[in-house]
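Structure assessment
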Amino acid sequence: MKKNMDRVPLVQVQGLKTYFYKGKGVLSKVFGKGLRIVHAVDDVSFTIEAGKNFSLVGETGCGKSTVCRSILRLVEPTDGKILFEGQNLLEFSKREMQKFRCKAQIVMQDPRSSLNPRMTAGEIIAEPLRIHGMKKYEDEIQDEVARLLETVRLSSEDADKYPHEFSGGQARRIGIARALVLRPQFIVADELTSGLDVSIAAAILDLMQDLQDEFKLTYFWISHDLHMVKYVSDNIAIMYLGKIVEIGRAQDISDGPLHPYSQALFSAIPSIKPGHETRKIILEGEVPSPIHPPSGCPFNTRCQRKLGAICETDVPPWQDAGDGHRLSCHIPLETLRKV
Amino acid sequence: MTQEKVSLNLPRRWDSYKRKSQLRIKKIAQIIQAFRRQPRGVIGASIIAVIFVCALFSPWIAPFDPNEQDIANRFAGSSPQHLLGTDYVGRDILSRLIYGARVAAVVSIGSVGIAVLVGVPLGAVAALNGGAVDYIVILIFDVIRSFPSVIMILVLAAIVGPSLLNIILILAFTSFPAYGRVARAQTLWVKEEEYIMGAKSLGAPTGRILLSHIIPNILSPIIVLAGMDLAVMIMWESALSFLGLGVPPPTASWGIMLKQGYTYIETAPLMIIWPGIVLITTMLGFSLFAEALRIALNPRERDPDE
Amino acid sequence: MNDGLFRVSDLTVEYSTRRGIGLALDNVSLDIREGEVLGLVGESGCGKTTLGLSILKLLPRFGKIVQGKILFKGRNLLDLPERIMNREIRGREIAMIIQDPMHALNPVFTIRTQVTDVLRFHKDRRSDPHGKGIQLRNEAAKMLEEVGIADPAERLTDYPFQFSGGMIQRVMVAMAFSCNPSLLIADEPTTALDVTIEAQILELLKSLVKRNRTSVLYITHDLGVISEISNRVAVMYAGNIVEYAATALLFENPQHPYTEALLRCLPGAEARGNRLGSIPGRVPELTKRPKGCKFHPRCPYVMEICKEKPPMLLEIASEHSVACFRYEKT
């Protein structure tokens, strides 16, 4: 049985859909715009292997945060399957969910608002232990808190401080410590380095790598920082308006993005090497609203390589570029490869 | 490992308890310290302390029996015997003020206490549940609030008759919707905060989320409201007693003293001045205290960086 | 004195906080030539935003300029009275774009009101009664169109919350350029924006700068953006400028230990799997800055002299200055 488990990928997401409903009330229906459905996540599928780094990339509003919350059931998905170690999360009982929570944790984006401002760092880190009754005695709990603080390179004296007394980087470390308490196998890192200074972000990335080596963790990175994503990931998926438009190995995608949106995204990153004025693809317009996503390909309203009417009417097919590299586009591969 | 679970291991448990309480005491000490650092905290707390000491220990502090009449000595001004003078039947004003603090304390704490204990949970539950529950609860709040409070209090007082308990209940009834509203608004905001989702991600059950995460973060405006309300309730008691609808005489209450002082304002103005001063000081004390408490409880405002 | 458009000399700014007094800026000197983009880069707490605010004399209450000169077109801004600063300098000769688009505009006024406000104040139309309102509105619409906002005439009646972050920044850019300033101070204008929107705004800025020959002080912590947009770069650390060079020179041949370390920290710099190795230690707090060179506690090349005296900015090559004792020849 155990051998079988080893070969099953840690996380498999199939056809995930998370819709939010706005305007369900009576008054909305009569006076307002009626029922509006926000297609935050619209049929997303991917696989994460144990011990690997998977990244989900995209811009604001593409749905990546909703994806990470959906797979942890912090937000209830509308449809689809989420398999963790082969079992469907959405069918778990309360008790099974509690056990799952010990195995899968999240480090949230804004360290300030993800930590209760009225609890000290020590209390925040000790809370998971108290919830799950893992350590009975107070001194054990305090020792564990001290140990975790050291693990994330903070001092044990910081246990008595409140979140607002910490800098952004330090607050994020507390979030990481809290995620580690229950010894999870799988950690979702939501925009871990955004808003941090370069040197602090580097320190945090090194810390994450050390932790991964020591505790054999699997990471799911959410980010819009393409440099970081290139550096950190084994596999990358690019999202736009609730759908994955391209997915594959990090190397393949960053060397040669094929989907027009990926190409625009990667070309827009300011490059460090001056003089290398890469031709930037500047997209027109703004991202459409997820309440009324465009028909056919979601990207057709801004695509710089739009084929024509087919992009507006038909959902683009999945094309296989080899080695797990897939993308959803009407334009044939050979044409896309010619930049 | 299983052995540890089964055996009682008293010394270790005791040790654990001790440490937990140590941490709690530390936290409370921090709050008290933050309190003491604020001038308004010290002043407010002192005023309230005086009031409560008077209320609790009136028989021992007051120089005279509040109802002891001394007609021969009525309308007397300040004297070493009667520090604040006597009223129209020769009762010592100072003693009556001291005993009046009892009524003030009981009415204010009673009514505000009941209002908070009823209103806050209602509001919080309404916000968490939404839907029909929310609708009904808001309806109740709004119906009560739509009556002008003056009229409602007077009418209710007239109906049920004057008595200490009645005043407390009536005042609580008219004020609990305000707390409910505030609690609901705060809960609506707090439940969207990321740390609530963080707690969920750790597997925290709803009860724990409510107690440890939501309640501490919604209390701030409620404390301010309660602080000011305490003073306002004392004013209400005075007003009702002034109109004869409050605590029945001969019980010494500040409101009654105001009324009686008003009648004799030209003969012995001291009869109304002293209770007036006491009332103003009390209201000030409560407001300052509530504000200081709010700041002391908020880790961010306790220690501003700039 | 008249060499160049803009020059800051020995500027020192003090902040008074509860924990003591600290120097947010310590003897900072730089200059900006006509038509050039000077990038000001550094991590949080280095003083770059303070520098931007000082130029327009918009420091917060607890900040004070204790020393230095800010020369703009021959005049020392620090000597000018408030009235003249408002009438002639702020928004007119020197404009500023700030970081957070979501809080840059007043939420209760329409875009039209806010844009025409700028025009009205600076183009002396206050004395105009009715009639000119339409003219102002058309000018505002034209400005929005120039910065690439679709349906400008209709968008004028919108409120800020109806605009996305990128669009608000475009409006800010439009307002900044409305009076054709000689110097634009851009304080992290694209930090809060998505990468593709950032690319759009950078393109917009580049074209407007080119067209109007505006000089820009571009403040950011993003080294990639700096490398794209600036002609010269000043690197700041804890209130000092530590390196000052033409952009290409800085990235190809960084001389200051801090700059070197910073470039190494970038994820793009290392291959996967190798540690980035950040800079040991922490940025010193405002009130607890070390004596001598402020970077010395974290510097791999520290020498005795670094702990005693602060180094001066020395020109070690054409268009390349460093403040480091390694290059000082006694």
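Predicted model only: the values in this text are computed from it and were never measured.

A closer look at the overall build of chain B
From N to C terminus, chain B includes 12 helices and 0 strands. When the elements of chain B are put in sequence order from the N terminus, they spell out α-α-α-α-α-α-α-α-α-α-α-α. In terms of its C-alpha atoms, chain B occupies a principal-axis envelope of roughly 85 × 50 × 45 Å. Burial statistics for chain B: of 306 residues in total, 39% are counted as buried.

Details of the interface of chain A and chain B
Of the residues lining the interface, 24 residues belong to chain A; the matching set on chain B comes to 21 residues. Those elements that provide at least two residues to the side of chain A that touches chain B are helix 4 (94-103), strand 6 (104-107), helix 5 (111-114), helix 6 (121-132) and helix 7 (138-151) of chain A. It is helix 6 of chain A that contributes the most residues to the side of chain A that touches chain B, 4 residues altogether. Looking at side-chain class alone, the side of chain A that touches chain B contains 10 nonpolar, 8 polar and 6 charged residues.

Things to note about the interface of chain C and chain A
Each side of the interface is counted separately: chain C has 32 residues, and chain A has 30 residues. Listed by contribution, the elements that provide at least two residues to the side of chain C that touches chain A are helix 7 (195-212), helix 8 (223-229), helix 9 (247-252) and helix 10 (257-265) of chain C. Residues of the side of chain C that touches chain A, tallied by class, amount to 12 nonpolar, 12 polar and 8 charged.

Things to note about the sheet that holds strand 4 (residues 63-72) of chain C
Residue and element names in this part refer to chain C. Taken in spatial order, the 4 strands make up an open sheet running 2-1-4-5, and their pairing is antiparallel. Two strands lie at the open edges of the sheet, namely strand 2 (20-32) and strand 5 (75-76), each paired on one side alone. Sheet topology note: the strand 1 (residues 6-17)/strand 4 ladder contains 8 bridges and is antiparallel. Bridged to Y15 within strand 4 is G63.

Looking at the pairing of strand 11 (residues 314-317) of chain C
All names here are of chain C. Pairing of strand 11 with strand 12 (residues 320-322), which is carried by 3 bridges, proceeds in the antiparallel orientation. Bridge assignment links A317 to a residue of strand 12, and that residue is H320. Count of turn residues in the strand 11/strand 12 antiparallel hairpin: 2 residues, of which E319 carries a positive phi of about 65°.

So, the packing of helix 6 of chain A against helix 8 (residues 168-180) of chain A
Residue and element names in this part refer to chain A. The geometry of helix 6 relative to helix 8 is characterised by a closest axis approach of 8 Å and an angle of 25° between their N-to-C directions. Relative to helix 8, the element helix 6 lies roughly parallel. Where helix 6 crosses over helix 8, the two elements pack in a sense that is right-handed. In this structure, helix 6 uses A121, I124, I125 and P128 to contact helix 8, whose residues at the interface are I174, A177 and R178. Residues that form the contact of helix 6 with helix 8 fall into these classes: 6 nonpolar, no polar and 1 charged.

Let's talk about helix 1 (residues 48-55) of chain C
Residues and elements named next belong to chain C. Counting buried positions over the 8 residues of helix 1 gives 6, a clear majority of the element. Within the span of helix 1, buried status applies to K48, T50, L51, G52, S54 and I55. Where helix 1 ends, the next residue or the one after it, K57, has phi of about 55°, a positive value.

Procedures and definitions
Residues numbered from 1 in each chain as written. Chains lettered and ligands numbered in written order. Predicted model: local features only at pLDDT ≥ 70, side-chain atom pairs only at ≥ 80, totals over all residues. Helix = DSSP H or I, 4+ residues; strand = E, 2+ residues; numbered from the N terminus. Buried ≥ 20, exposed ≤ 12 C-beta atoms within 10 Å, placed from the backbone. Contact = placed C-beta atoms within 7 Å. Nonpolar A, V, L, I, M, F, W, Y, C, P; charged D, E, K, R; others polar. Pairing = 2+ DSSP bridges. Axes fitted to C-alpha atoms, helices over the stretch in contact; angles between N-to-C directions. Parallel < 35°, antiparallel > 145°, perpendicular 65-115°, else oblique. Left-handed = near helix turned anticlockwise from the far one by under 90°.

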